Amino acid sequence: MNPDRTNPPGELFIRVYYEDTDTGGVVYYANYLKFFERGRTEWLRALGMDQHTLATQEQMMFVVKHADIAYRQPARLDDRILIRTAVTELGASTIRFSQQALRGDTLLASADIDICTVHALSFKPIRLSPPVRDLLEKALH
């Protein structure tokens, strides 16, 4: 269950803080990766997946394999932005997320991010476990 009832699954609101911006008050481009990471983490949590538990009990971790990001409009200090997250493809050991950062109806940035599942100790790729795969298949868009 999503702990923040104001955010439906796949949606996370983030406030832009001073630490997120450059000297001009514009969100530094690399911070969108952090925002998208938070969106994926909360999306997984809303599905009932805790990444710490997966790492310790199933010895499975998610790592970013590839990120393709398009920047469209700047976010600024104190903006409230929405991070939308969806799974668009599922492989044996990979997950493709499609994510967007929006301010109201304005698209600020979008990304396709490929995640690979690896063993928590060896960091070698491993297959998604059946319970995790089942949850992700139900959430495919």
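Right above here is the structure, for reference.
Everything quoted here is computed from the prediction, not taken from an experiment.

(A) Representation of the nonpolar core within the structure. Within the largest apolar cluster, 29 residues are counted, with the highest numbers of intra-cluster contacts made by Tyr32, Phe62 and Leu136. Elements with a minimum of two residues in this core: strand 1 (11-15), helix 1 (31-47), strand 2 (60-71), strand 3 (80-90), strand 4 (94-103), strand 5 (106-119) and helix 3 (130-139).

(B) Broad picture of the side chain of threonine 85. For threonine 85, the location among the structural elements is in strand 3. Classification of threonine 85 by relative accessible area gives buried; the value is 5%. At 2.9 Å, the side chain of threonine 85 and the side chain of glutamine 99 are in polar contact. The residues touching threonine 85, leaving out its near neighbours within four places in the chain, are Gly10, Gly39, Arg40, Trp43, Phe97, Ser98 and Gln99.

Reading guide: rules and limits
Think of each chain on its own: its residues are numbered from 1, step by step along the sequence as written. Whole-chain, interface and lining totals are the exception, using all residues; otherwise, since this is a predicted model, local features are given only for residues with pLDDT of at least 70 and side-chain atom pairs are given and counted only at 80 or more. For side-chain calculations, the full set of non-hydrogen atoms in the structure is used, while hydrogens and water are omitted. To form a nonpolar core, buried Ala, Val, Leu, Ile, Met, Phe, Trp, Tyr and Cys residues must be joined to one another through side-chain atoms within 4.5 Å. Exposure is judged per residue with a 1.4 Å probe applied to protein chains only, and the accessible area is read against the type maximum: over 50% gives exposed, under 20% gives buried, and values in between give partly exposed. We count a stretch as a helix when DSSP gives it H or I for four or more residues in a row; a strand needs E for two or more, and each element gets its number in order from the N terminus. For this analysis, a polar contact is any N or O atom pair within 3.5 Å, provided that within protein one partner can donate a hydrogen and the other can accept it, and provided that sequence-adjacent residues contribute only side-chain to side-chain pairs. We call two residues in contact when some of their heavy atoms are within 4.5 Å.

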